[in-house]
Amino acid sequence: MPIEDIVHPFLKFYTAAPQWVKSSVGHLYSLAPTRLRYGAKYDEFAAEIARCGDPAWTARRADEKLLATLRWAIETVPAYAGLKAALAEVRDPSDAAQLLAAFPLLDKESIKADSTRYLSTRMGPETHLMAFTGGSTSVPMKLYLEKYVSRSKDFAYNSMFDTVAGVGRSDIILALRGRSVPGAGKPGGALWMYDPIKRYLHLSSDHLEAQYMPGYVEAIARWKPTFIHAFPSALVPLAHWLKANPAPEICARIKGVQLFSENVYDYQVELIREVFGCPVLLDYGHSERAVKAISLPEDGRYFFWPLYGKVELVDSAGRAIVEPGVLGEIVATGFDNRVMPLIRYRTGDLAMWSAAPNPLRPGFAVVERIEGRLQEFLVCRDHRLVSICTIGAAHFEQLASADMMQFEQNAPGKATLKVMSDTELTPRARAALAAGILAKTQGGLEVEIVRVDAIARSVSGKHKLLLQRLDLSGYLGAAHIDSDSDSDSDSDSTGAG
């Protein structure tokens, strides 16, 4: 039984404790053996990951895990009881993909309407690990993971991501991942805290304005982190400040940046690379823990771990997409969750298969980029849907000094662009920016540009590039979506969900 699952309910007390308590208690806890902290399942997952370099073995094992997941769902989950006849026809793990196609697509609304239909009748409440996700609509949805398994799995795969990035056991990591630092909002309160368990130097994500940056830099200079884990939108203000106020003794020490949980745009990656002069790696995952992908130092595409879960792409009618370069929705079938196995789960995230060779991770499914979610599309006056990635990744020189921006839309063809910056945009700059967006959307979107002092984050510390107030379900259709596939130089967004 992993200690992590036992002590997790007490994490909030550890986080709120004075720094000397975290330093002493956290240091002692960090000395516990990996197997004791994460349990025997961690070792099992780590062993599977280590064998993923063997494509033939990995393919066989992926089929075995998929079939085991589908069989368990059919035999124990009420929603899938009607598929027993299809299961009876399966003779071999190689038939798992055919069996998977017999399952209906699963959307969030179905789970929210009656989650008990998707719970295994053989897994008692003591095995349930409750989790929440905002999903594509930012409306919380309750789901269940498997206690003593799901966290161990995530720790194993995240450890491998660190290994790919080059993180060593002695490296300190600068963390900007939505963590609130206790007391940071009080006069004279520290803007940082150090967690020796993960070797994280947490910087407050609630104080990203320019006046607080010297305090951040002081903490970085003291603790000397060599890697960065961050939400892209939280790191960009710091990168902007360091570009304007060079600190080579800090930036040169950074060996790698790993970005999580938000859509990532090439202009952000370019800025971070310019400032820190190191590789920038991307992670794709979600609270449901159904599929997971990472980029590599040598290749910025997303590589899906084949033993974490099964990934598909489907079009707006739910039909499978197999050809490269066609935008579709990511559909995930997660492994290793017997409590609530998610089968053909619609993530709401959009991507396209890559046609380029894959010599680095043979056997891994690869997508060129992740476009974002349906709620991250803007509606033009003629009801075309244009990805916020298309606009957000454009290199508008008027936004070069902006720390953050956010679109808000309440009516088709019109939107407000809020720009967080120290200086007011000139009328000429606002007009040029509005004209640029109008041209980028082929005359479909007029924007009003306003400067703001702050842009609110979600409760988890994430930044939303678009607050979409329209119900987009009525606009969804393959003919309406503009993936900007013929303009990769401007629409080269990647995602981390």
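Predicted, not measured: the structure shown is a model, and the values here were computed from it.

The rules behind the values
- Residues numbered from 1 in each chain as written.
- Predicted model: local features only at pLDDT ≥ 70, side-chain atom pairs only at ≥ 80, totals over all residues.
- Heavy atoms only, no water.
- Helix = DSSP H or I, 4+ residues; strand = E, 2+ residues; numbered from the N terminus.
- Buried < 20%, exposed > 50% of the residue type's maximum accessible area, 1.4 Å probe, protein only.
- Contact = heavy atoms within 4.5 Å.
- Areas by Shrake-Rupley, 256 points an atom, 1.4 Å probe, with all protein chains shown as cover.
- Core = buried A, V, L, I, M, F, W, Y, C linked by side-chain atoms within 4.5 Å.
- Pairing = 2+ DSSP bridges.
- Expected span 1.5 Å × (residues − 1).
- Salt bridge = Lys/Arg side-chain N within 4 Å of Asp/Glu carboxyl O.
- Axes fitted to C-alpha atoms, helices over the stretch in contact; angles between N-to-C directions.
- Parallel < 35°, antiparallel > 145°, perpendicular 65-115°, else oblique.
- Left-handed = near helix turned anticlockwise from the far one by under 90°.
- Nonpolar A, V, L, I, M, F, W, Y, C, P; charged D, E, K, R; others polar.
- 1 Å grid on protein atoms, 1.4 Å probe; cavity = no way out; pocket = protein on both sides within 12 Å on 5 of 7 lines; lining within 4 Å.
- Points joined across faces, edges and corners; volume = space filled by probe spheres on them.
- Phe/Tyr/Trp six-rings, centres within 6.5 Å; stacked < 30°, edge-to-face > 60°.
- Lys NZ or Arg CZ within 6 Å of the ring centre and 35° of its normal.
- Patch = residues over 30% accessible without salt bridge, like charges linked within 9 Å, V, L, I, M, F, W, Y side chains within 5 Å.

Chemist: Would you mind going over the overall build of the protein chain with me for this structure?
Modeler: The number of helices and strands found in the protein chain is 16 helices and 21 strands. Counting all 497 residues of the protein chain, 56% fall into the buried class. For the protein chain, the share of sequence-separated contacts (at least 6 apart) that also reach a separation of at least 24 residues comes to 69%. Summed over all atoms, the accessible surface of the protein chain reaches about 21,500 Å², with 54% contributed by carbon and sulfur.

Chemist: Can you help me understand the nonpolar core in this one?
Modeler: Considering soluble globular proteins, one finds that nonpolar side chains tend to be buried as a cluster. If you look at the biggest cluster of nonpolar residues, it comprises 62 residues, and the most contacted ones within it are Leu201, Leu203, Leu235, Leu242, Val257, Leu259 and Phe276. A total of seven residues in this core trace back to one element, the largest contributor, which is helix H12 (residues 232-244). Excluding residues within four positions of it along the chain, leucine 203 makes contact with Leu174, Ala175, Leu176, Arg179, Val181, Leu191, Trp192, Tyr216, Ala219 and Ile220. Counting 32 residues, the second largest nonpolar core, distinct from the first, contains Leu66, Leu70, Leu106 and Ile111.

Chemist: Looking at this model, I keep getting lost on unusual backbone geometry. Mind explaining?
Modeler: Negative phi characterises most residues that are not glycine, and trans characterises most peptide bonds. Phi at aspartate 336 is positive, roughly 70°, even though this residue is not glycine. Its identity is not glycine, yet arginine 344 carries a phi of approximately 50°, on the positive side. By the secondary structure assignment, arginine 344 is in the loop between strand E12 (328-334) and strand E13 (345-353).

Chemist: Got a minute to help me understand the pairing of strand E10 (residues 299-304) in this structure?
Modeler: Each regular strand carries side chains that alternate between the two faces of the sheet. The buried fraction of E10 is high, at five of six residues. Counting the residues that bridge the hairpin from strand E9 (residues 293-296) to E10 gives two residues.

Chemist: I'm lost on helix H16 (residues 427-440) in this one. Help?
Modeler: Along an α-helix, a turn takes 3.6 residues, which lines up residues three or four apart on a common side. Between its first and last C-alpha, H16 extends 20 Å over 14 residues, near the 20 Å set by a 1.5 Å rise per residue. Two residues or fewer after H16 comes glutamine 442, characterised by a positive phi angle close to 55°.

Chemist: Teacher, can you tell me more about the pattern of salt bridges here?
Modeler: A pair can form between side chains of opposite charge whenever their charged atoms are brought close. Scanning the entire structure with this criterion turns up 25 salt bridges. With a closest N to O distance of 3.4 Å, arginine 61 and glutamate 64 form a salt bridge. Here glutamate 64 and arginine 61 lie together in helix H6 (residues 55-76), a separation of three residues that amounts to about one turn. On the basis of relative accessibility, which here comes to 27%, the residue arginine 61 falls in the partly exposed class. Residue glutamate 64 is classed as partly exposed on the basis of its relative accessible area of 36%. A salt bridge links arginine 346 to glutamate 329; the shortest N-O distance between them is 2.9 Å. Taken together, the residues span a long stretch of sequence, with arginine 346 in strand E13 and glutamate 329 in strand E12 at a distance of 17 residues. Accessibility expressed as a relative area gives 22% for arginine 346, which makes it partly exposed.

Chemist: I would appreciate a short explanation of the packing of H12 against helix H14 (residues 266-276) in the present structure.
Modeler: Two quantities define a packed helix pair, namely the angle between the axes and the distance from one axis to the other. Packing of H12 against H14 brings their axes to within 9 Å, and their N-to-C directions diverge by 45°. Here H12 lies oblique to H14, going by the angle between them. The crossing of H12 and H14 is left-handed. On H14, the residues that touch Pro232, Ser233, Leu235, Val236, Ala239, His240, Leu242 and Lys243 of H12 are Gln268, Leu271, Ile272, Glu274, Val275 and Phe276. Its residues placed into classes, the contact of H12 with H14 shows nine nonpolar, three polar and two charged.

Chemist: Sorry, what's going on with the side chain of threonine 58 here?
Modeler: By secondary structure assignment, the location of threonine 58 is in helix H6. Given a relative accessible area of 4%, threonine 58 falls into the buried group.

Chemist: I would appreciate a short explanation of the sheet that holds strand E17 (residues 404-411) in the present structure.
Modeler: What holds strands together in a sheet is hydrogen bonding between their backbones, with the strands either parallel or antiparallel. Strands sit in the order E19-E18-E17-E20 across an open sheet of four strands; the sheet is mixed. The sheet is open, and its two edges are formed by strand E19 (446-452) and strand E20 (466-468), each paired on a single side. Neighbour to neighbour, the strand axes of the sheet diverge by 20° on average, direction disregarded. With six bridges joining them, E17 and strand E18 (residues 414-420) adopt antiparallel strand pairing. Counterpart to methionine 404 in the pairing with E18 is methionine 420.

Chemist: Is there a simple way to explain the environment of arginine 51 in this structure?
Modeler: Summarising the element assignment, arginine 51 is placed in the loop between helix H5 (40-50) and H6. For arginine 51, a relative accessible area of 42% gives the class partly exposed. For the pair arginine 51 and arginine 61, spaced 10 residues apart in sequence, the C-alpha to C-alpha distance is 10.0 Å.

Chemist: Is there a simple way to explain empty space enclosed by the protein in this structure?
Modeler: All chains considered together, the criterion is met by one cavity of 30 Å³ or more. Approximately 80 Å³ is the volume attributed to the largest cavity. What lines the largest cavity is a set of 13 residues, and nearest its centre among them are Leu145, Glu288, Arg289, Phe335 and Asn337.

Chemist: Sorry if this is basic, but what is going on with the packing of aromatic side chains here?
Modeler: To describe a pair of aromatic rings, one takes the distance between the centres and the angle between the planes. For the coordinates displayed, the defined rule picks out 11 aromatic pairs. A ring pair is formed by tyrosine 38 and phenylalanine 155, whose centres lie 4.3 Å apart and whose planes are at 25°; its orientation type is stacked. With tyrosine 38 in helix H4 (residues 34-38) and phenylalanine 155 in helix H10 (residues 150-165), this pair connects stretches of sequence that are 117 residues apart. Judged by its relative accessible area of 12%, tyrosine 38 is buried. Three or more aromatic residues link up through ring pairs in this structure, and these residues are Tyr157, Trp305, Tyr308 and Phe364. The ring of phenylalanine 260 has arginine 177 lying over it, and the distance from NZ or CZ to the ring centre is 3.9 Å.

Chemist: Sorry, what's going on with a nonpolar patch on the surface here?
Modeler: Taken together, the side chains of Met1, Ile6, Val7, Phe10 and Phe13 make up a nonpolar region of the molecular surface, amounting to roughly 540 Å² of accessible area. The topology assignment puts phenylalanine 10 in the loop between helix H1 (3-7) and helix H2 (11-16). When its relative accessible area of 52% is taken as the criterion, phenylalanine 10 is described as exposed.

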